[in-house]
Amino acid sequence: MLRKGSELLKGDREVLLDLDYGGEAQTTDSYGSLQNGCFIPPRYFSAAACDEYADGDDDDPMNIHLNTRSTQPIPQLGNYFRDGRTKIDFVLVWEVRSQRKRRGKRRNRGEVTGEEGEAVPTEENSRSERRKAQLAQWREKFVQNLESAGLLMEKEETANEKKTIHFLKLSAPWDLMVYYAEELCLRAPLQAQPNLDLNTSARVLSRLCIPNAMTESVPNRPLDYYTCAFRKSKMNRFLGCDNHETYFTNTQRHRVVYEILAGTVYGKRKRAEVGVDRLLNEGAYTAAFPLHEGPFQLPRYEIRPDELNQRQVLHHYWARWCKWYKYQPLDHIREYFGEKIALYFAWLGFYTAWLLPAAAVGTLVFVSGVMSMGTNTPAKEVCNGSASYLMCPLCNTCKAWNMSEICTMAKLGYLFDHPGTVLFSVFMSFWAVTFLEYWKRKMATLAHHWDCMDFHEEEERPRPEFAAMAPSMEPNPVTGVKEPYFPEKTRLSRMFTGSMVIIMMLCVVMIFLVTVVMCRGIISVMMFHTGSPVLRTEAGTIANISSSIVNLGLILLMGRVYTALAEQLTKWEMHRTQTQYDNAFIFKVFIFQFVNFYSSPFYVAFFKGRFVGYPTNYGTLFGMRNEDCGPGGCLIELAEQLFIIMVGKQLINNIQEFIIPKVKAWRQKRSLAKVLGGKASHEPQRWEEDYQLVECEGLFEEYLEMVLQFGFITIFVAAFPLAPLFALLNNWVEIRLDAHKFVCEYRRPVAERAQNIGVWFNILEALSHLSVIANAFLIAFTSDFLPRLLYQYKFDNELSGYVNFTLAYAPLNYTEYPMCRYKAFRDNNGNYTLFYWELLAVRLGFIIAFEHVVFFVLRAIDWIVPDVPESLELKIKRERYLAKQALAENQEALLVSRVRGAAPATPGTSSPGHDASFGNMS
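None of these values were measured; they are calculated from a predicted model. (Residues numbered from 1 in each chain as written. Predicted model: local features only at pLDDT ≥ 70, side-chain atom pairs only at ≥ 80, totals over all residues. Heavy atoms only, no water.)

A. The arrangement of the environment of G240 in detail. Position of G240 among the secondary structure elements: in the loop between β5 (224-229) and α8 (250-263). Relative accessible area serves as the criterion here: at 47%, G240 is assigned to the partly exposed category. G240 sits 52 residues away from A188 along the chain, and the two C-alpha atoms are 9.6 Å apart. (Helix = DSSP H or I, 4+ residues; strand = E, 2+ residues; numbered from the N terminus. Buried < 20%, exposed > 50% of the residue type's maximum accessible area, 1.4 Å probe, protein only.)

Spelled out as structure tokens, the structure:
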């Protein structure tokens, strides 16, 4: 395949590249002359390398002794070679320490030098020198094979006394793009169609004739086409095929060049020494990236919007903070970053939009609780009861207390435990599943709109780390090509061992949870012993808040430790492909983070106060009495924990996302500035500026943060109605932070194709179903909703006497404070009353009814709402029809079918280019 590509491009090379060599020394830093950017053939690499080795410089055989800068000024031509016509599709970067610097270090270490100043290798540095020579040899072989594959190249250097930074610019000519477009099944345009309106709210507001402040006209929106798989033999039937400069988009060019880079051999194939990714891991290259489309800042002079480059459009119309209320330009994001990143922002924007109704309803529920606090009969009884309710001590060394002391907490507890919160939890259960159903429709629409609906991961190559560490080579069952192999039995045993490590780490989380619980108990006792009435009254609240802050710190610390551990475990398990590796890593980290973040809220919601016991028979843990719920109930404590953990985590993450990329970019710029030195007149080139940026870290952390947030707003929403509001505010900030990072602070990532958000959707579905079960148990066992409802049904509709009914008397043998009260449905002997068993039956019946009703409605929604919209199905059929016509071999049959069966084209669905292209077929 590579030889074929080289033969196809022979004609191009004769035009673009001057292969003649007159025997004189070249005066340029590139593989070609400074005047025309020509290529130095590989045969001169060996000669140059031999000269360098003779001089004692064995770091980089490709570091040909050429002048690094021309004396004549070169105009700024953008992302092109020096000829101003050849596009730069990719850049490889490597650094070499200067020979003079190395010799100085050798003298400082007292190393022996030869008569001509050459260093004599010693045992200490011989291994390092051999390693450098090996990397240089790999680079030489890699570049030679890239040239054989047909890529055009041009080299730049930036140097000072200490080191030299080499930039190798790569470009794929037309014939190579055509060949790989067919190999990779790139999509080719058949017929233009109106741009799709991706925003449902815009369509609704337009129908209602309501002005829409969220819409904005973004210049240079990519056109939408009916497409089919690219075929070279049918090229004349594709729109725009006559313009070789613009037919393939920049992201398609990046993808093709990366495909070549990923499959090019640099060593021995039997050792799987293949691909640029492994060269990066080995240290042969320090970076490999496509270039940004120029600067993101707007020029100082006035310019029309349609003259902005793609990066400026994204920054001006998307990444700025003042655009927080505008629709995201998803087509522009996809065109610049590829489908995978565009789908993330599409999902994040869709999720944020759906948070609007959830936040509105949650805020109304909270406000209704504030307004109805005065009508809460149980709170009135607590506040007006004076000394009528003498409560038993809360700890072994505490004293009895009056219930009227907790008047404030009783009123605040009603905010998070009233009938509105129950209805809101039901609403959020329906919201979660409906959101996912409509996201499936949106995802299908975007996948078709972006030509990814039929995309499936091709047979993936082995990961570079897997290839480097695999013990043997075996034929691939699909391709038949020998590739690195790791025994499945050994992998399974390693995965089993890794699962044991995961269980041990989960046990560590449980230990920390117990520590936090004991810390909370100690703080409560300390508050009671201060003697201050205020501290004694608010002891539970102070202990809960302080322990929650400590818990948040432990959560973040353990999250960092475990993520690093999970990465090492996943590498050790030796997964063959990157997809398998990513899925295993995501599963490990999510399981741990789920337990890490949700263990404390689960404890407060479902276990705290369940094993307290009663006077004379209290339950203990390590000698301390088991925790009871605070004066306002467990739901208000759960709300406090959720607020601190959820909001605190969001604030810390946003601060990190804002500061860390800037610090990394500053360090990178400082390093390059040292190399540039005092060249103040030197204007940095595009590849130098992009090298100063931070390497893109992927989307794992972004998805994980949002998925954990989704769990907070669905699983525990009954206790914290304001959770969707805080999530909405955070996501508005998150979208702009992420947009700014990708546009301004990250190197441009290689565009990746995807038709969905992958395994994260399965995790979201699991969380949505778990939320139904969790909310059912939360309402049944943690909330006072059912006890109050049963009391109203049996005794008093106004809840008069409810507080006294829920308090039991201490057993007669409790002599410290006779006749003190505690909250439980027990008789004077500590046995459960009949009301307790009736309430238990009601609770279990409620859980069963709640789950069955909600899951039945969810299945009905799933059945009613199709995954693929009807309008999209028609578009898919239309596209297949056009593709069948365009790729038909029999021209006469095609013309007859067009005359007899083709429907008249609707206005705006065709273009002159389309008519011409089909007219030429006759």
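Let us keep going from here.
B. Seen up close, the sheet that holds strand β1 (residues 90-97). Read across the open sheet, the four strands follow the order β2-β3-β1-β6; overall the sheet is antiparallel. On the outer flanks of this sheet lie β2 (152-159) and β6 (287-289), each paired with one strand and no other. Between one strand axis and the next, the sheet turns by 15 degrees as a mean value, whatever way the strands run. Sheet strands in contact with α8 are β1 and β3 (163-171), and its direction is about 50 degrees off that of β1. (Pairing = 2+ DSSP bridges. Axes fitted to C-alpha atoms, helices over the stretch in contact; angles between N-to-C directions. Contact = heavy atoms within 4.5 Å.)

C. Quick look at helix α11 (residues 330-337). Counting buried positions along α11 gives six out of eight residues, so the element sits mostly inside the fold. Listing the buried residues of α11 in full gives L330, D331, H332, I333, Y336 and F337. At its buried positions, α11 is contacted by α8, α10 (310-319), α12 (339-371), α15 (419-449) and α24 (723-745). Just past α11, the residue G338 takes up positive phi, approximately 100 degrees.

D. Highlighting the pattern of salt bridges. For the structure shown, the criterion picks out 31 salt bridges. In this structure, K169 engages E154 in a salt bridge whose closest nitrogen and oxygen atoms are separated by 2.7 Å. Highlighted residues: K169 in strand β3 and E154 in strand β2, separated in sequence by 15 residues. Residues K169 and E154 agree in their burial class; the two are buried. For the salt bridge of K608 with E637, the shortest nitrogen-to-oxygen distance reads 2.2 Å. Placement of K608 in the loop between α20 (578-606) and β11 (613-614) and of E637 in helix α21 (residues 634-676) is noted, with a sequence separation of 29 residues between them. Residue classification places K608 among the buried residues on the basis of a relative accessible area of 3%. For E637, a relative accessible area of 7% puts it in the buried group. Counted as one network, the salt bridges with shared partners bring together R82, E154, E156 and K169. (Salt bridge = Lys/Arg side-chain N within 4 Å of Asp/Glu carboxyl O.)

E. Summary view of the state of the cysteines. Considering all chains together, one arrives at two disulfides under this definition. Each sulfur in the disulfide pair C383 and C407 lies 1.9 Å from the other. Note on the C383 and C407 pair: the S-S dihedral is about 90 degrees, so by sign convention the disulfide is right-handed. Here the residue C383 occupies a position in helix α13 (residues 377-384), and C407 occupies one in helix α14 (residues 407-413), the gap between them amounting to 24 residues. What makes C383 partly exposed here is its relative accessible area of 21%. At a sulfur-sulfur separation of 1.9 Å, the disulfide partner of C392 is C820. Around the S-S axis, the bridge from C392 to C820 shows a dihedral of about 90 degrees and counts as right-handed. On the criterion of sequence distance, the pair formed by C392 in the loop between β7 (390-391) and β8 (401-402) and C820 in the loop between β15 (807-809) and β16 (821-823) is long-range, its members being 428 residues apart. (Disulfide = S-S within 2.5 Å.)

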